[in-house]
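Each chain is listed here by its residues.
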Amino acid sequence: MAVTRPAPRPVPAALPTGPGPGPGRGSGSGSGAVVPGPRRAVAHRYAALPPPLEVALAALRLEALLGDPRDAANPYGLPALTTPRTTSRTTGSITGRAGGVGGAGEDRAGLLAAAGLGRIRAADQLVRALRPVLRRDVALGHACAAAAGPCPVPAALLGPAALLAATGTVLRQAARIVAGRCHGEPALRQWRPVLATVFADLLACESLTSVALRRPAGPASGALLPAVAGYVVPTVVADVLAQLDLVLTECGHGPAGLEGRMLAKLAGDLPAAGVDAAAAGSWQAHLVRALPALAQSPGPQHTALPALFRLAAPDPDPDPDPAPDPAADPVSGTGPRPASGSGPGSAVTAAAPGANRQHGQHGQQGQDGQGLDGDGESGGGDGVVLSGLSRAAVRPAGGDPDRAALAGVARRLLSEQRALRRPCRAAGLDGPDGPAVRALADRQALLWLAAAVLGVQEAADEGRGLFLGGPHWALLALSGITERLGVPLPAPAADPREQVWAELAGRVRHGVDCDIYATRVLW
């Protein structure tokens, strides 16, 4: 059915200036950061890691145009988006729900144009501006991206970014329930550490995805980071969704409620978005072919922090050409958008390696073992992310036991990465589908995830009191990674879950998203 766009709503001239997370909560703009002018002050109030002003304003306009997500009469609200209208889902899209695709392409394109998204060329910044859509519905996010025409966001990364945003919405709902009832129902306090762990896992995945979105475009950059994200994010988020389902069910919010329907809708849209288990397995096959590049050395420890980790800084190598190449590689750049009527998920599924499984292939890259890593050894520059491991291993703790524990975990993971280099370089004897090489690819991908966490944490640790720059979320995220790797931690460390839960509860209370940037939300 066609969707009528809600009437345009006025966009606030500035964000709320009332009590926020602030330095004490670790989510705000830090301890008295200097804001040079009122225009930049809007961006700084918009997020702890502020985007360019035009990105913040575009996101605010889009969120205002989408309307209140809790309004049952809003076609872009969560109740409507999660309420089935028919049983047909043959296209794998959102057709058949209140947010259906049919006849609404021009409406969605107009929505994005009215918000000003067409002027944003950097991939990571466009994903930030699209986040109000992605938070509500994975398939609606892809429908909007398809309606927008050529898009600078690599198709291989749009699915993971949308999955993280939509999962974050479910996490905020669960955290709001637990935080609001745990004082009167002490039994619900047992779910606080579970949700803290979920929060840290999502931050870890978004660290990797954000770094991958900031990678320079073009063949010289290789395509390891998008492939790692395409495998790791769906794999980790599958566990996250299971944990959220458990918490919500135990809190009395089962499948019939809004939260249960949100989970069911999200699970149903994973194949169309290219982030289901089959797509993850195909990306893993890509990584198998790139094992020598995945196992490269992190490089010298004394080099400067790579710009990829500085998420609030301008892109390290922005594309000077505002018109994307329609024939570009959909993994390392922007591919052609789908033809009219091809469905919202096809932009990603066409790029995902699973799209060619019927021909016995694994996608457009990696056919000769060289496609993902350029020369097969250097990683084409994407391997710079591994410097997050080597730098964290030698960072001084300054007498802080939590930072000392973080450095200890980094050294343990760095030793694991070194131990895997020889078997990875000799991999392939049992074929690309052998269990041994798939296990090696899995371990290397998790090490790249850990490196992204450590690099992003270091970049945010600039004395401003940001939660992202603190050690607690990184320690909790790395504990999950080491558990998946089966790597024992070097020494017992203080449990960081209480501090991470406090941050999550504070964000829910003050209207801040659970994203890597600590972005305020309008609704």
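Keep in mind it's a predicted model, so treat the numbers as computed, not measured.

Caption draft 1: Broad picture of the overall build of the protein. Looking only at helices and strands, one finds 20 helices and zero strands in the protein. Scored against the burial criterion, the 523 residues of the protein give a buried share of 58%. In the protein, the proportion of contacts linking residues at least 24 apart, taken out of those at least 6 apart, comes to 78%. For the protein, the accessible area works out to roughly 19400 Å², and carbon and sulfur atoms hold 57% of it.

Caption draft 2: Fine view of the pattern of salt bridges. Evaluation of the coordinates by the stated rule reveals 19 salt bridges. Among the salt bridges present, the one from R131 reaches D513, with a minimum N-O distance of 2.9 Å. With R131 in helix α6 (residues 123-134) and D513 in the segment after α20 (497-510), this pair connects stretches of sequence that are 382 residues apart. Considered together, R131 and D513 belong to a single accessibility category, that of buried residues. R310 is the salt-bridge partner of E462, the closest N and O atoms lying 3.1 Å from each other. Of this pair, E462 sits in the loop between α18 (435-460) and α19 (472-485) while R310 sits in the loop between α13 (291-294) and α14 (346-349), and the two are 152 residues apart along the sequence. Take E462: its relative accessible area is 47%, and that puts it in the partly exposed class.

Caption draft 3: Local environment of helix α9 (residues 192-213). For α9, which comprises 22 residues, the first-to-last C-alpha distance of 31 Å matches the rise-based estimate of 32 Å (1.5 Å per residue) to within 8%. Burial of α9 is extensive: 20 of the 22 residues sit out of reach of the surface.

Caption draft 4: Spotlight on unusual backbone geometry. For A518, which is not a glycine, the phi torsion comes out positive at approximately 55°. Locating A518 in the fold gives a position in the segment after α20. Accessibility expressed as a relative area gives 5% for A518, which makes it buried.

Caption draft 5: Quick look at the side chain of R215. For R215, the location among the structural elements is in the loop between α9 and α10 (224-250). A polar contact is formed between the side chain of R215 and the side chain of D382, at a distance of 3.3 Å.

Caption draft 6: Seen up close, the packing of helix α15 (residues 387-394) against helix α16 (residues 401-419). It is the contact of α15 with α16, at a shortest axis distance of 8 Å, that shows an interaxial angle of 135°. Classified by the interaxial angle, the pair formed by α15 and α16 is oblique. Viewed along their axes, α15 and α16 form a crossing whose handedness is left-handed. Contact residues: α15 offers L389, S390, A392 and A393, while α16 offers A407, A410, R411, L413, L414 and Q417. Looking at side-chain class alone, the contact of α15 with α16 contains seven nonpolar, two polar and one charged residues.

Caption draft 7: Here's a closer look at the packing of helix α7 (residues 138-147) against helix α8 (residues 155-181). Axis separation between α7 and α8 bottoms out at 9 Å; the angle between their running directions is 140°. The angle between α7 and α8 falls in the class oblique. Considering the relative orientation of α7 and α8, their crossing is right-handed. Contact residues: α7 offers V138, H142 and A145, while α8 offers L158, G159, A162, L163 and A166. Looking at side-chain class alone, the contact of α7 with α8 contains six nonpolar, two polar and no charged residues.

Caption draft 8: Examining the confidence of the model for the protein more closely. Taken over all residues, the pLDDT of the protein has a mean of 79, while the share at 70 or more is 72%. Per-element averaging of pLDDT across the protein places α14 at the bottom with 33 and α9 at the top with 98. Per-residue pLDDT stays below 50 along residues 28-36; that stretch engages in 17 contacts with residues further than four places along the chain or on separate chains. Residue range residues 86-103 is modelled with pLDDT below 50. Its contacts to residues more than four positions away, or to other chains, number 47 contacts.

Caption draft 9: Focus on the environment of R214. Structurally, R214 is set in the loop between α9 and α10. For R214, a relative accessible area of 1% puts it in the buried group. Between the alpha carbons of R214 and A313 there is a distance of 10.0 Å; along the sequence they are 99 residues apart. Beyond its immediate sequence surroundings of up to four residues, R214 is in contact with D124, A307, L308, R310, L311, A313, P314, D315 and P316.

Caption draft 10: Representation of helix α11 (residues 258-273). Given a rise of 1.5 Å per residue, 16 residues ought to cover 22 Å, and the 22 Å separating the end C-alpha atoms of α11 matches this to within 8%. Those residues of α11 that fall on the buried side of the exposure criterion are E259, G260, M262, L263, K265, L266, D269, L270, A272 and A273.

Caption draft 11: Summary view of the nonpolar core. Grouped together as the largest cluster of nonpolar side chains are 151 residues, with contacts concentrated most on L117, L171, L195, L478 and L504. Top element by residues in this core is α18. It accounts for 16 residues. For L478, the residues in contact, after removing those within four places along its chain, are L406, V409, L413, A450, V453 and L454.

Caption draft 12: Quick peek at the environment of G67. Positionally, G67 belongs in the loop between α3 (53-66) and α4 (78-81). Taking relative accessible area as the criterion, G67 reaches 0% and is therefore assigned buried.

About the thresholds
Residues numbered from 1 in each chain as written. Predicted model: local features only at pLDDT ≥ 70, side-chain atom pairs only at ≥ 80, totals over all residues. Heavy atoms only, no water. Helix = DSSP H or I, 4+ residues; strand = E, 2+ residues; numbered from the N terminus. Buried < 20%, exposed > 50% of the residue type's maximum accessible area, 1.4 Å probe, protein only. Contact = heavy atoms within 4.5 Å. Areas by Shrake-Rupley, 256 points an atom, 1.4 Å probe, with all protein chains shown as cover. Salt bridge = Lys/Arg side-chain N within 4 Å of Asp/Glu carboxyl O. Expected span 1.5 Å × (residues − 1). Polar contact = N/O pair within 3.5 Å; in protein donor to acceptor, adjacent residues only side chain to side chain. Axes fitted to C-alpha atoms, helices over the stretch in contact; angles between N-to-C directions. Parallel < 35°, antiparallel > 145°, perpendicular 65-115°, else oblique. Left-handed = near helix turned anticlockwise from the far one by under 90°. Nonpolar A, V, L, I, M, F, W, Y, C, P; charged D, E, K, R; others polar. pLDDT = per-residue confidence, 0-100. Core = buried A, V, L, I, M, F, W, Y, C linked by side-chain atoms within 4.5 Å.

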